[in-house]
Structure formats: structure tokens, C-alpha cells
Amino acid sequence: MLKVNNVTKRFGGLVAVSSVDLEVNEKEIVSLIGPNGAGKTTLFAMVAGFLKADEGKVDFENASVLGMRPHQICKLGMVRTFQITQPFAGLTTLENIMVGAYSNTSETDLARTKAEEVAEVVGMTSLLNQGADGLTVAGRKRLELARALATDPKLLLLDEVMAGLNPTEIDDIVTVIKGIRDRGVTIFLIEHVMKAVMNLSDRTYVLNDGKLIASGTPSSVAEDPQVIEAYLGHGAAEAMAEGA
Amino acid sequence: MTNFRNHLYFLLLGALALIVLPYFISSRFYIDVLTLIFFTAYLGQSWNILGGYAGQFSFGGVMFFGTGAYVSSILLTTFGFPPIFGIFLAILGGAFLGLIVGYMSFRSGLKGSYFALITLAFAELLRVLANSVEFTGGGVGLFLTYAPGLSNLQFESPVGFYYFALILMFISIAIVYWLESSRFGAQLVAIRENEDAAEALGINTLKCKIYAIMIMGAMGGAAGTFYAQKYLYLDPPIAYSIHLSVEMLLVTIVGGMGTIFGPLVGAFVLHTVNEIARHFIDTPGLSLIVYGLILIIIIGYLPNGLIGAFKKKEKKSDSTSLDKKTSRGDS
Ligand SMILES: Nc1ncnc2c1ncn2[C@@H]1O[C@H](COP(=O)(O)OP(=O)(O)O)[C@@H](O)[C@H]1O
Ligand SMILES: [Mg+2]
């Protein structure tokens, strides 16, 4: 469904993403892990049309999306969320989700119905009329998810939707994500919370210093010495231990 | 929105009151002041669509007004083309100018103060251009003949212009009322609140912003025809005056950006304050100072304008757009 081929991105002298190849198949939940600064968000930004790749190819459903603008890619069915949440702060939760829903309809009533449905799926029904700027971190993360889901994507790119959440909130959102997959949406997610990665993913890619250093099932990846080193090097050994 | 619908009855009454008002006012002065209030509210509303809803502040809004004024006036003086049709070409001219300015600035990603300045530059450029070419009458200006009649959009009585301005204002309110409940309006607001997120969610932000500035341009164009037919004289400093650019953003900011009635409320309050200050203060220049002080107070203490302040009282938890813009912190 998504094929990333030999993609590279440089920021000045820094090679943020270096010749990365990866693939996401339909109905899968694939995760992308790696230490901070590994280039995960940059990779998502290229895939979703927010950044231009310096080299390489990005194909979605066998057609190149390189050079397309984000709204066009969204229309094709691939939508991203933001690690640093980007709510429409002046609007309510409902209005935020409706913006996503409007991508498939121009009817206000239909958009509202769709938004309410999606809010139900992500568990935000009671927050619908609350201002988005008043939401907690967990609320904002859910809102990112909800808005993206409201566009009826085929592939969801989730960038650290669990960062900053407490264990209960994480369990909740893991359930939500599984639910979304069961509705037929393919999911590609960046995550730091290893327990969730283990629990959710069919396959995992590990990025370090812009390069893919491992891929496979979550448990095989967790035992990969290169991966452990990458994490140890960045002082995240505990995270791995918790996950494995 | 629902709130607004509930008040529809009340609003229709208000509209009716404005329609019958001239029958109760014999003073030409008050009719003229009200006409000017509607006219400024209308221009403010055009600024509001791009600035208040789409969040793209322009500082050269007068360019559409001036261009519209020249389009219908030149058509009239050169070809005898009746302004009642000329106004539609003025609207087209304004929209087309909006397309050009919007395409050039939004496509190259201009935002915030850069966009504001580029609109100012366009307005100035047009002023200089209008001064140096012949078909605008150059610095001498264009004189229109006084020939009252509907086809000329000229009226013997000031009440005629009162209704002309009132109709323009009603139309502008209808446009914004439609925006409030339409997808396009929601998309503009999404762009205002967070352009990246808007784009990620499938909104063609470039196209939406260009449409918004074209609507602003179209509205400004009609205002130009109105002005030319009312005052019968046009020259570059009038057509492209910075003062008018400022006034349309001022009435909107004072009244409340991104609200249906902000521009009207702002225009009413500012014109009233201005008239009162002029009436009671004889020392030259002092009335301007008082006017300025009141402006500072309103803008300084009511960041969401008068309507925002009123809404806050009504519903304490409800915060409004400018607050959010400054407090758009992230997790
Ligand atoms: N717009 C940018 N300009 C310059 N450097 C950037 C930019 N975006 C990211 N980087 C750098 O690229 C590297 C990868 O960043 P990022 O993709 O955010 O990592 P991750 O999401 O894996 O934590 C980091 O070193 C970061 O500082
Ligand atoms: Mg990141």
C-alpha cells in the first residue's frame, strides 16, 4: 500500500533520513521506532507531502505521491497526525473533527454526523462542545486522531499519539487504535511507548541516525543487538527492558 | 450559530428598523452618517472575510475599492457605460485583482506581516500607476456628471444612497452568514487557526485563501462604484488611500474579527465616537486624539473586540479567537 524507496532528506549538513526503504501493507499495523532525533517525524513529513525528499520515491497504492501537496495526499486516503499537536485552538472539539469530515462532504449536517460518529470511536463524545484549547494532553492526542480519522483515510500515519499519556490513557488509546484497524484502516505509527509497540504492531522498523537498522516482528526487533545498542547509547535501556 | 438562529427574529426586526428609519429621520446629516456607517461596515466585512475568518491580515484593502471605482467610472466617462451594469464589471475587476494578488502572495507562501505589507505595496503601486497613466485622468482625476437615475446609481435624495449602502451591507452580512454555516467558512477558519493542520486534513489552503481574497476583492469593487457615483469625483489619493485600508480593518478589529456583526458594530461605534468628539471638542486636532485614545482603550482592553467582550460576559468559559492565537501553546 505504501512503498518508501531509498528516501533521503538532508537539512544542511545533517542527513536526517538516509536511504530508507520500507513498506506498509494493507490492514497492517506497522510501527516505526527509534531514539529522539532519529528522523521518524521527518520521514512522515515526506510521506505526507509536508517536506520534499531530496532523493528516493514514495508510492501510495502504486502511484507516486512525490511532489504532491498534503491536501492532495489526504484526498488519496493517506493522512498524518502531528507529534506536536496542532489543534484548531479556537474551535470546539466537534468543529475540529468536522474540518476533517468536510474532506468528504460539503454538507454541514453530514459532516456533523460523521464527526459525532468519529468522536464516539475515539471516546470524545463527552468533550464535543469543549474548546480544543481546554483539552488535556490526552484529549489533544485523541483529537489529532479523531480529525484524521474523520477524513476516512485508508492509511493513518500516527506520530507519537501516546507521548505524555499515563498508563491508563495509553491502554485506552491502544484499544481505540485496534478498533480503527478492525474497521479496515491501515496504520503506520511512530511510537516510543514500547509496551504499546509490542502490543499493537504486526511489524516494526527501527530508525537510528536517519538509517534503518532493523525490521521485523516487534519481539525479534527488541532482541536485535544493534537496536539495543542504539537505545542504550541514548540512555533508553529501561524503555526496552519494559517492552521486552 | 444556533444562538444566531434563535436571534433571527430579532435580527429581522433590526433590519426592518433600518429599512424604515429614513421615514423617521428628516436630518440629512444623520442619513449621511448612517450611510457612511453602512459603507464602512460593508468594507469592513470584506476585510473580515479574509482577515477575520481566513486569518490573512491585509493592509491594502483599498486597492479593490479603488480599482472597482476606476473600472465603472472609466467605463462611464469613456463609453457611457451605465454604472448599474458597470458595478458588475467593477466586481469582476476587484475579484480579478484579488486573484492576481492572492496567487502571487499566497503561492509564494507569504503570511502574517509579510502578506499585510505586500497588500500595502500593491495598493501603493496602483496609486502611483493611476497617477501616471492617462485613462484614469491621472493626478487631475475623473469627474463624473451628476445625472440622478437608477441606471447611473445616483440619487437625488441622500436617502437613495442610504438604501444603496444598506443593501450592500445586507448582502455582506448574508455572505458572512452563509460562511458561518458552510464548509468553505469552516475551511477558512481552519486555515486561520492552523494552516498546517488544515492542509493535512485535505484542505487546499492555497485555493481557499485565493477564493477568500477574491470575495474581498469583488466586494471592494462594488464599494468603489458606490463611492464614485455618490461623490462624483475620483483621483489616485482617494481611490487608493491608506486611510480607507486602515478604516476597514479598524472597524472590524474594534467590533470583533471573525464575527458576523463585528464590522457593523465597529463602524457604528467608531463613527459615533468620531462625530461626538468632533461635535464637542473645538480645539483642532484634539478630537482626533480623543478618537485615538478610545481606539487604544478598545483594542488594548478588548482583544476580541466589542462583540468578543459581550460574548465573554454571556458565556464565561467561552474564549475567542485572538486569545487563542496568542495562547496556541503545545503539549
Ligand atoms: N526543519 C528542520 N530543519 C533542520 N533540521 C531538522 C528539521 N526537522 C528536523 N530536523 C533535524 O532532523 C533530525 C531528525 O528529526 P525528527 O525527524 O524530528 O526526529 P524524530 O521524530 O525521530 O525524533 C533531528 O536532528 C532534527 O533536529
Ligand atoms: Mg518525532
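About the thresholds
- Residues numbered from 1 in each chain as written.
- Chains lettered and ligands numbered in written order.
- Predicted model: local features only at pLDDT ≥ 70, side-chain atom pairs only at ≥ 80, totals over all residues.
- Heavy atoms only, no water.
- Pairing = 2+ DSSP bridges.
- Helix = DSSP H or I, 4+ residues; strand = E, 2+ residues; numbered from the N terminus.
- Axes fitted to C-alpha atoms, helices over the stretch in contact; angles between N-to-C directions.
- Parallel < 35°, antiparallel > 145°, perpendicular 65-115°, else oblique.
- Left-handed = near helix turned anticlockwise from the far one by under 90°.
- Contact = heavy atoms within 4.5 Å.
- Nonpolar A, V, L, I, M, F, W, Y, C, P; charged D, E, K, R; others polar.
- Buried area = accessible area lost by both parts, 1.4 Å probe.
- Salt bridge = Lys/Arg side-chain N within 4 Å of Asp/Glu carboxyl O.
- Polar contact = N/O pair within 3.5 Å; in protein donor to acceptor, adjacent residues only side chain to side chain.
- Buried < 20%, exposed > 50% of the residue type's maximum accessible area, 1.4 Å probe, protein only.
- Expected span 1.5 Å × (residues − 1).
- Near = heavy atom within 4 Å.
- Phe/Tyr/Trp six-rings, centres within 6.5 Å; stacked < 30°, edge-to-face > 60°.
- Core = buried A, V, L, I, M, F, W, Y, C linked by side-chain atoms within 4.5 Å.
- Donors = N, O, S within 2.8 Å, 3.2 Å for Na, K, Ca; no water.

A. Quick look at the sheet that holds strand S7 (residues 155–159) of chain A. All names here are of chain A. Read from one edge of the open sheet, 6 strands run S6-S7-S8-S3-S9-S10, paired in mixed fashion. Sheet topology places strand S6 (78–80) and strand S10 (211–216) at the edges, where each strand pairs with a single neighbour. Shown here is a sheet whose adjacent strand axes are inclined to one another by a mean of 15 degrees, direction ignored. Relative to S7, S6 runs parallel, the two being bridged by 3 bridges. Within the sheet, the bridge partner assigned to Val 79 lies in S7 and is Leu 156.

B. Up close: the packing of helix H4 (residues 62–79) of chain B against helix H5 (residues 83–107) of chain B. Residue and element names in this part refer to chain B. For the pair H4 and H5, the least separation of the axes is 8 Å and the interaxial angle reads 140 degrees. Taken together, the axes of H4 and H5 are oblique relative to one another. Taken as a pair, H4 and H5 cross one another with a handedness that is right-handed. On the side of H4, the interface is formed by Met 63, Phe 64, Thr 67, Gly 68, Val 71, Ser 72, Leu 75 and Leu 76, while H5 contributes Pro 83, Gly 86, Ile 87, Leu 89, Ala 90, Gly 94, Leu 97, Gly 98 and Val 101. Grouping the constituent residues of the contact of H4 with H5 by class yields 11 nonpolar, 6 polar and no charged.

C. Focus on the interface of chain A and chain B. In this assembly, 30 residues from chain A lie in contact with 24 residues from chain B. In total, chain A and chain B occlude about 2,300 Å² of area from one another, counting both sides; carbon and sulfur atoms represent 59% of this. Remark: the boundary between chain A and chain B carries 1 salt bridge. Note that Glu 199 of chain B and Arg 69 of chain A form a salt bridge whose closest N and O atoms lie 3.2 Å from each other. Between chain A and chain B we count 10 residue pairs in polar contact (both at pLDDT 80 or more) in total. If you list the elements that add at least two residues to the side of chain A that touches chain B, you get helix H2 (70–76), S6, helix H3 (93–101) and helix H5 (137–150) of chain A. The residue makeup of the side of chain A that touches chain B, split by class, is 14 nonpolar, 10 polar and 6 charged.

D. Spotlight on unusual backbone geometry. All names here are of chain A. In this model, Ser 19 sits at a positive phi of 40 degrees, which is unusual for a non-glycine residue. Locating Ser 19 in the fold gives a position in strand S2 (residues 14–24). Here the phi dihedral of Glu 61 falls at roughly 50 degrees; this positive angle occurs in a residue that is not glycine. By the secondary structure assignment, Glu 61 is in the loop between strand S4 (55–60) and strand S5 (63–64). Given the relative accessible area of 36%, Glu 61 is considered partly exposed.

E. The arrangement of helix H4 (residues 108–122) of chain A in detail. For H4 of chain A, spanning 15 residues, the distance from its first C-alpha to its last is 21 Å, which sits close to the expected 21 Å at 1.5 Å a residue. The inward-facing, buried residues of H4 of chain A contact H3, H5 and helix H6 (167–182) of chain A together with helix H8 (183–193) of chain B. Within two residues after H4 of chain A, Gly 123 of chain A carries a phi angle of roughly 75 degrees, on the positive side.

F. Focus on the site of ligand 1. Residue and element names in this part refer to chain A. Taken together, the residues surrounding ligand 1 are Phe 11, Leu 14, Ala 16, Pro 35, Asn 36, Gly 37, Ala 38, Gly 39, Lys 40, Thr 41 and Thr 42. A distance of 3.0 Å separates an oxygen atom of ligand 1 from a polar atom in the backbone of Gly 39. Elements with a contribution of two residues or more to the shell around ligand 1: S2 and helix H1 (40–47). When residues in the shell around ligand 1 are grouped by element, the largest group, 3 residues, is from H1. Across the shell around ligand 1, the residue classes break down as 5 nonpolar, 5 polar and 1 charged.

G. Local environment of the packing of H3 of chain A against H4 of chain A. All names here are of chain A. Interhelical geometry of H3 versus H4 gives an angle of 110 degrees and a closest axis separation of 8 Å. On the basis of their axis angle, the class for H3 and H4 is roughly perpendicular. At the point where H3 passes H4, the crossing takes the right-handed sense. Contacts from Leu 94, Ile 97, Met 98 and Ala 101 of H3 reach H4 at Thr 108, Ala 111, Arg 112, Lys 114, Ala 115, Glu 116, Val 118 and Ala 119. When grouped by side-chain class, the residues that make up the contact of H3 with H4 number 8 nonpolar, 1 polar and 3 charged.

H. Structural detail: the packing of aromatic side chains. Residue and element names in this part refer to chain B. Tallied over the full model, the rule gives 20 aromatic pairs over all chains. For the ring pair Phe 39 and Phe 65, a centre distance of 6.1 Å and an interplane angle of 70 degrees mean the geometry is edge-to-face. You can see Phe 39 sitting in helix H3 (residues 28–53) and its partner Phe 65 sitting in helix H4, a full 26 residues away along the chain. Looking at Phe 65, the relative accessible area reads 1%, which means it is buried. Relative to Phe 161, the ring of Phe 155 lies with its centre 5.1 Å away and its plane at 85 degrees, an arrangement referred to as edge-to-face. Here Phe 161 falls in the buried class, since its relative accessible area comes to 6%. Three or more aromatic residues link up through ring pairs in this structure, and these residues are Phe 39, Phe 65, Phe 155, Phe 161, Phe 164, Phe 226, Tyr 227 and Tyr 231.

I. Representation of the environment of Leu 34 of chain B. All names here are of chain B. Take Leu 34: it is sitting in helix H3. Sequence separation between Leu 34 and Tyr 162 is 128 residues, and the spatial gap between their C-alpha atoms is 7.2 Å. The contact partners of Leu 34, leaving out residues within four places of it in the chain, are Leu 21, Ile 25 and Tyr 162.

J. Representation of the nonpolar core within the structure. With 127 residues, the main nonpolar core has Ile 97, Leu 156, Met 162 and Ile 177 of chain A together with Phe 38, Met 63 and Leu 188 of chain B as its most contacted residues. Among all residues touching Ile 97 of chain A, those that are not within four sequence positions of it are Ala 115, Val 118, Ala 119, Leu 128, Leu 143, Ala 146, Arg 147 and Ala 150 of chain A. Counting residues in each nonpolar core, the second largest holds 28 residues, with Val 17, Val 30, Ala 38 and Ala 48 of chain A among its members.

K. Molecular detail of the coordination of the magnesium ion (ligand 2). Residues and elements named next belong to chain A. Looking at the magnesium ion (ligand 2), one finds its protein donor set to be Thr 41 (OG1) and Gln 83 (OE1), positioned 2.0 to 2.1 Å from the metal centre. In this pair, Thr 41 is assigned in helix H1 and Gln 83 in the loop between S6 and H3, connecting sequence segments 42 residues apart. When its relative accessible area of 27% is taken as the criterion, Gln 83 is described as partly exposed.

No statement about biological role is implied by the geometric values presented.
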